Structure formats: structure tokens, C-alpha cells
Amino acid sequence: MVSLKTQKKNFFWVIFFRLLLIIIISSTTYFLTDELISKEISLKIYVICAAGTFLTILLMILYSSLGPLKRIVYGNIISDLVLISVGLLWTQGHNSPFIFLYNFSILSACFLEGRLGGTLSAGMSTIFFGIIYFSTIPEKESFHNLVLDFSISMGSFNAIAFFGILLAQHLKLTEKNLDVTLDQLKRLEIIQERLTESLVSGLMSVDPAGKIMTFNHAAEKILGINLADSFGISLESIWPLGGALIYEFNKLTTTDEKRYEIDIENPLRGNRLIGISIFKIKDIDKKDLGFGFIFQDITDIKANEKKMQHTDRLAALGEMAAGLAHEIRNPLASLSGAAHFIREKQNIQREDLRLLDIIIRESKRLNELIKQFLMYAKPELSSIQLLNIKEEIDYVLTMLQKNKALTLPNILLDIQENLMLQADPNQFKQVFYNLLLNACQAIKKENGEIKITALKEHAKDLSEAPFLKFVIEDNGEGIREDIKNKLFNPFFTTKPDGTGLGLSVVFRIIQSMGGEITFTSDINSGTTFIFKIPENQKLFNFHNDN
């Protein structure tokens, strides 16, 4: 089945050639009048040409307004044959120079309606020509010559119809194959375009002169550059670093691909680390077509790698601390027990009692330090319980109020109603106690304030379990820039009497819960700790064990 677009195109090509023939016939008649053609015949030819022009315009209007209706197409074929036959009658009948126009009509019919149109046109041409031929021949003409001439004309009509039909069928098949190929190419183009736009990696190509040919949305996002109107523009003028990379890559003769890691300044996202692969684009004959860029924002990946390395170092240090703590704990218990035993004896001098009290007190302090070592090395689960967040935080605040060495600032609570968490209560309290203790100690001014926020959030990936988000903000002294990277390191402290294990323990506990902790801080403005914990610790531990 020929498409409507092709039918319309074929129809207007036929109309074009009909008008062209009318112009040629009219012009030839004008120049040959009086010399080869009488004025009477010329007038008849002009009348036929005028009628043909009128019918052509009428058919164009009908076709344009009503569409490719069969009756309009067949009307065109029949009107052709009628006009040609009238022309033959008015121009010497069987000797008319316009007999060849039947062939045009047959070819146009094949072109428009294939086999049926060609067969109809050839048959009607034979009938019309037969009527005209036998009605205009001289009486003295040999019957044998008449039959021969007519047979030749009839044979030419049918031969033209036969080859016209073959040509039309071949064109139809070619068009069908072309349509299938174009549909496949269009589909592949759409797939390629959607695939390119779906990539999270940036993709860009430039020609050998360094002018941009293609790019995707991820390239704009990663680079922070608007590339919407950059087709055909020099890459160096839009992204100078990219132009410099091509220049450097061109100097390499031993490879067709090179990877770089560079820092860029993204206007929307700040300083970012980008991994870029540059490669040569070649055609099937290995000729260079240009250069391709594939790049990714690896800032978060590198940050996670550093975090994992930091975590591994802390874990190794924790294991060492745990081993050391166990080695110290046993003799320490013996030393503390012996001191208690001696102190209970009578007739001990006052100075000796004072020394024994020092031993007992310091042994107790050292034992507490060892407990923190062990908690840091491997936080132990006592039991997973359903905790009411508001009640647990209130309990921690009560513990802090009982600390006589501490002055609590104004505490603001913003806790989501009925917020619950499946977790170890001792670990949860330890996290809040350490963080709130640090916040209180960081506040030196009278109008100090700590705000505690707790709420439930859902992960971006719906398959992941929801988590609880906690925010502890203070308006204290803040943390200096040079010590931010050391904050969770064990034994690092800025306090004269600190152990350097408080935040390390917090980090290890939250990590063991499957959570994460981050912070921001500005000098004299305060510090904000944000940590997230999976809502159901039983579910997390099950997946973690498996």
C-alpha cells in the first residue's frame, strides 16, 4: 500500500508534467503556425490546451481540498484520454502527431494507480484510438496496412503499460523498503538520543578542528556550562580546559585513549573533581573524525574512598586499642583490688591512706577510659528495643543536669510526634550524651542555646528502609578549620582533661548502626552535627549479618 504522502507526491508530479506538455505543445503550435500548421488547426490545439489547463487546475483544487480520492485520480486518467482523443480527431486522426500522448497518459496512470490504472489506461487508449483510426482512414487504404499500423500502435500502448506497471511495482517496493529503512533509522536515532540523554556520565564529541558536534544534558550539569547553542562552536572558547586537554592528547602518539582527573569550578556546585576519558573517533577506514569525551563527577566517589580509608584506619586503631585495653584491664583490676584490701586494714598512717585513695581513684578513672577504648573498638549490643526518642533524649538531658561541673544552656526540642526507633538504648544514649556534652562545653556565652531536631525521612530509593534524622545545633565557639579532619580521630582532643574518645565513640556507634554522621562549623557561630540511623536496627543487623 502506497502511503498518502507518496500518492500526493505522485499526483502532483503527473500534474506538473501535464502542464509542461501543454506549455510545450502551445509554444510549438505558436511558432509553427502558417508554416506547418494551419490557423484553423492551431486554434483547435489552443482550445484543447486551454481545456487541459482548466481541467488540471480543477483537479489540483479538488485533490488539495478532498484528498487522494480514487474518483479524482481516475477522473484525471479519463480526462487525459478524452482530451488526447479529441486532439487526434481535430489534427488529422490516424496521422496526428499527438498519438504519442497516449503513451504519456498510460505511464501517468501506471504511476498513479499501478497495475489497475495502467491496464485501464492502455485498454481505453486502444479503444479510443481504434475508433479514431478506423473512422478517419482513406477508403483506398490497404486493409493489410491498416491492420499492421493499428497493431503496432496497440502493441506500443500495451508494451508501455507492461513496462510502466513493472516500473511502478518496482518503485512501490523500493519505497516500501525505503520507508522501513527510514523507520528503523529514525527509531535507532531516537534510541541513541534517549540513551545519550539517560547517561549519568557526560558525553561530548568535537570534530578534528575542535568544534562541538554533540553533547548530552549530563555534560552540561557536570561542567556547569550552558551548551544549548554551542553546536559548531570551538570547544576552547566555551571550555578552555577541554581545548587544552585535546592539545595535550594530540601530542600523544602511542595511544588512542587517555584518562585524566582534574579539578574544575562548577558555578552551581563549587569545586568538583572530574574524571575524564578522551578518545579518538574513527570511521570504518580508521580515519580520524574527531575526539570524544566521557566524564564523570567523581567528587563523592573520592570522598567515600577517603572515608573508607579513614574508617579502616580507625578500625585498625580500635582493634589495637582493644587489645591493649584487655592487657591493661586485668593487672589494673588486681592493683585496684589490692589497694582496697590494704585500705581496709587498721593502723594505716594518714599519708598511706591518701596514697591508697589516689591509687583507687586513678584506677577507677583508668578503668572508665578502658571502657571507652572497648566501646570504640567494638560497640556491643545489649539488646534491641523499641525506643521513644523524646523519652530517651529527656533521660540524657537529665543525666547532663546532674553533672555539677556542667552548666546547661537553653535547650530547644523539635522532635516529631510519636517518633520511635528500634535500637540499643545504651548506645543511643551514649551518642546523644557525648554530642550534647561537647555542645555544652563549646558554649561559653550567657545566651547559649542548643537545638535538637529529630524526624523520620524516607530514602530516595523506595526499596530501602526509612531512617531517622537527628540534628544537634549549638551557637558555641565553633571548630577551627585546621582540626576538622581530625575530629573523629581517636585520642584527638583540644580539652586539657579530655581523652579524645568521645566523638570517636559516637562515630563508631553510628557506623555500627548502619548510619552516617556529618558536621558543619563556623568559628564563633556554632556547630551542627547531623546523623542518620536506619529506623529498624533489627532489620539492619539481619541484612548486615547476611
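Residues numbered from 1 in each chain as written. Predicted model: local features only at pLDDT ≥ 70, side-chain atom pairs only at ≥ 80, totals over all residues. Heavy atoms only, no water.

Asks: Could you clarify how one ought to interpret the overall build of the protein chain in this entry?
Replies: Looking only at helices and strands, one finds 14 helices and 12 strands in the protein chain. Taking the contacts inside the protein chain whose residues are at least 6 apart along the sequence as the reference set, 62% of them involve residues at least 24 apart. Total accessible area computed for the protein chain in this model is approximately 33,200 Å², and 59% of it derives from carbon and sulfur atoms. (Helix = DSSP H or I, 4+ residues; strand = E, 2+ residues; numbered from the N terminus. Contact = heavy atoms within 4.5 Å. Areas by Shrake-Rupley, 256 points an atom, 1.4 Å probe, with all protein chains shown as cover.)

Asks: What exactly am I supposed to notice about the packing of helix α3 (residues 70-90) against helix α4 (residues 101-136) here?
Replies: To describe two helices that pack against each other, one gives the angle between their axes and the distance between the axes. The interhelical angle for the contact between α3 and α4, taken along N-to-C directions, is 30°, at an axis separation of 9 Å. For the element pair α3 / α4, the angle class is roughly parallel. Relative to α4, the crossing made by α3 is right-handed. Across the contact of α3 with α4, the residue classes break down as 20 nonpolar, 8 polar and 3 charged. (Axes fitted to C-alpha atoms, helices over the stretch in contact; angles between N-to-C directions. Parallel < 35°, antiparallel > 145°, perpendicular 65-115°, else oblique. Left-handed = near helix turned anticlockwise from the far one by under 90°. Nonpolar A, V, L, I, M, F, W, Y, C, P; charged D, E, K, R; others polar.)

Asks: Sorry if this is basic, but what is going on with the pairing of strand β5 (residues 288-297) here?
Replies: Remark: a regular strand shows side chains that alternate across the two faces of the sheet. Both strand β1 (residues 202-206) and β5 contribute to a ladder of 5 bridges, which runs antiparallel. Its bridge partner being in β5, Met204 is matched across the sheet by Phe293. One ladder, built from 9 bridges, connects strand β4 (residues 270-282) with β5; its direction is antiparallel. Opposite Lys282, over in β5, you have Asp288 as the bridge partner. (Pairing = 2+ DSSP bridges.)

Asks: When you look at the pattern of salt bridges in this model, what are you seeing that I'm missing?
Replies: Here the idea is simple: oppositely charged side chains can pair when their charged atoms come close. Counted according to the given criterion, the structure contains 12 salt bridges. A salt bridge links Asp300 to Arg272; its shortest N-O distance comes to 3.9 Å. Placement of the pair is Asp300 in helix α9 (residues 299-343) and Arg272 in strand β4, with a sequence separation of 28 residues. Asp300 gets classed as partly exposed once you look at its relative accessible area, which sits at 48%. Look at Arg272 and you get buried, because its relative accessible area is 11%. (Salt bridge = Lys/Arg side-chain N within 4 Å of Asp/Glu carboxyl O. Buried < 20%, exposed > 50% of the residue type's maximum accessible area, 1.4 Å probe, protein only.)

Asks: Which parts of the structure should I look at to understand the environment of Phe470?
Replies: Along the polypeptide, Phe470 turns up in strand β10 (residues 467-474). Remark: the alpha-carbon pair of Phe470 and Ala454, spanning 16 residues in sequence, is separated by 4.6 Å.

Asks: Is there a simple way to explain the side chain of Lys429 in this structure?
Replies: As for its position among the elements, Lys429 is in helix α12 (residues 425-442). If we ignore the near neighbours within four places in the chain, the residues touching Lys429 are Glu392, Tyr395 and Val396.

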